[in-house]
Amino acid sequence: MRFLPTEEQTDFARAVRALLAAADVPAAVRAWSAGDFAPGRTVWRRLAAAGLFAPAAPEAYGGAGPLPVELAAAMVEVGRAGMPGPVVETASAAVLLSRLEGGPGGAAARFVPRLVAGGEAASLLLPGGGPYALDADAAEHCFAVDAAGRLHAYGGPHPAGVAAVLRSADPARRPARLAPGGGEVLAAGPGVLAAARAAGDWARLLTAAQCLGVGEALLERTARYARQRTQFGMPIGAFQAVKHRLADTLLALEFARPLVWAAALSLDAAEVAAAKLAAGGAAYGAALTALQVHGAIGYTEELDLSLWLRKARPLRDAWGTPRECRTVVAGSWPHARRGTPAT
């Protein structure tokens, strides 16, 4: 048995990477932070045309999935490029809606084809997924599931349900507080909560993949800087302390990588939580390493490195903080299921 990506999966990820490399993503990130969504949405439409969201939805709704491994591989590239916008949330909203029964006239048929095609974006708020909807002011739709199992839809492009847009450590992440109640109720019942749990697992998995890409981008830039910056007549990368820090960062990322792929294969809640815990921690560790190696220049707005530095901490906590992920993992242990103490 070979635990390696297939040729098709590798080609898909490579195509997403090439598309993002050809776009001026840092400029789009800075514009997004300032409230100008047009450059980011231009890149968004190109990604959608290349099939980025297709693995999130079945063929009946214009997709090619569900294909979590392919989508996770693409999200690594999204994180590596620092792409702004509710990419994870749009894909997860497609998962949520696709799992609802409703036939040709249901919510899935109404919204999912447009999300997959890339003409529209969606924010998403689920029970246990955090109190804020990401970039709800930039999305055409915001879908929210409440604790009673009601699925609400707020229309856009500036949904009326957005009560306030808050500041984040990453200016390109725009958390929004939704007004309680309101919106159109699309569905209700236990089936909605079951679909929300599945969509939440997808969101956590895809965020873990995004963290992996952010960490890789930070490590690549830091290693390159360590080879270029000299001190005492030699590159700082030649110093043992710097080598050890870079090696530890690489090991953390390489440890997280198979956990992400294993979680994408199984979509087991505990494995997804373990992947998110490892990838989020590795990305945050890569940010700390990058800041230490770069020194004061790492703080500057002009340096593109800051765009990734600011993403690491919010992504680590998005769709499952480390504490929440540890709780899920610990709850999956046999002794926890039996209610007996660990030995």
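A look at helix α3 (residues 38-49)
Then comes step 1: Taking 1.5 Å of rise per residue, 12 residues should cover 16 Å, and α3 covers 17 Å from first to last C-alpha, within 8% of that figure.
Then comes step 2: Considered for burial, the residues of α3 that qualify are Gly-40, Arg-41, Val-43, Trp-44, Leu-47 and Ala-48. Along the axis of α3, the buried residues cluster in a sector spanning 160°; they form a single face.
Then comes step 3: Taken together, the buried residues of α3 touch α1 (7-22), α2 (25-33), α5 (87-98) and α6 (107-117).
Then comes step 4: Taken from the residues just after α3, Gly-51 is the one with a positive phi, measuring 95°.

Details of the sheet that holds strand β4 (residues 150-155)
Then comes step 1: Strand order across the open sheet formed by 4 strands is β1-β3-β4-β7, with mixed pairing between neighbours. Each edge of the sheet is formed by a strand with only one pairing partner; in this case those strands are β1 (122-125) and β7 (184-188). The mean angle between the axes of side-by-side strands here comes to 20°, regardless of whether they run parallel or antiparallel.
Then comes step 2: Inspection of the sheet shows β1 paired to strand β3 (residues 141-145) by 4 bridges, in the parallel sense. Residue pairing across strands places Leu-124 opposite Phe-143, the latter belonging to β3.

Remarks on the nonpolar core
Then comes step 1: Of all hydrophobic cores here, the largest spans 95 residues; its most connected members are Leu-96, Leu-97, Phe-143 and Leu-218.
Then comes step 2: Top contributing element to this core by residue count: helix α7 (residues 190-228), with 18 residues.
Then comes step 3: Setting aside its immediate chain neighbours within four residues, Leu-218 contacts Ala-283, Ala-286, Ala-287, Ala-290, Leu-305, Trp-308, Leu-309 and Ala-312.

Quick notes on the rules
Every chain is numbered on its own, with residues counted from 1 as its sequence reads. Side-chain atom pairs in this predicted model are given and counted only at pLDDT of 80 or more, local residue features only at pLDDT of at least 70, and totals for whole chains, interfaces and linings cover all residues. Only hydrogens and water are removed before side-chain values are computed, so all heavy atoms of the structure are retained for them. We count a stretch as a helix when DSSP gives it H or I for four or more residues in a row; a strand needs E for two or more, and each element gets its number in order from the N terminus. Here the expected length of a helix is defined as 1.5 Å per residue gap, with one fewer gap than residues. Under the scheme applied here, a residue whose accessible area is under 20% of the maximum for its type counts as buried, over 50% as exposed, and between as partly exposed, the area being computed with a 1.4 Å probe on protein chains only. The directions considered for the arc are those from the helix axis to the C-beta atoms. We call two residues in contact whenever any of their non-hydrogen atoms come within 4.5 Å of each other. At least two bridges found by DSSP between two strands are what make those strands a pair. Angles here are taken between N-to-C directions and fall from 0 to 180 degrees, while the axes themselves are lines fitted to C-alpha atoms, restricted in helices to the stretch in contact. The definition of a nonpolar core used throughout is a set of buried Ala, Val, Leu, Ile, Met, Phe, Trp, Tyr and Cys residues joined through side-chain atoms within 4.5 Å.

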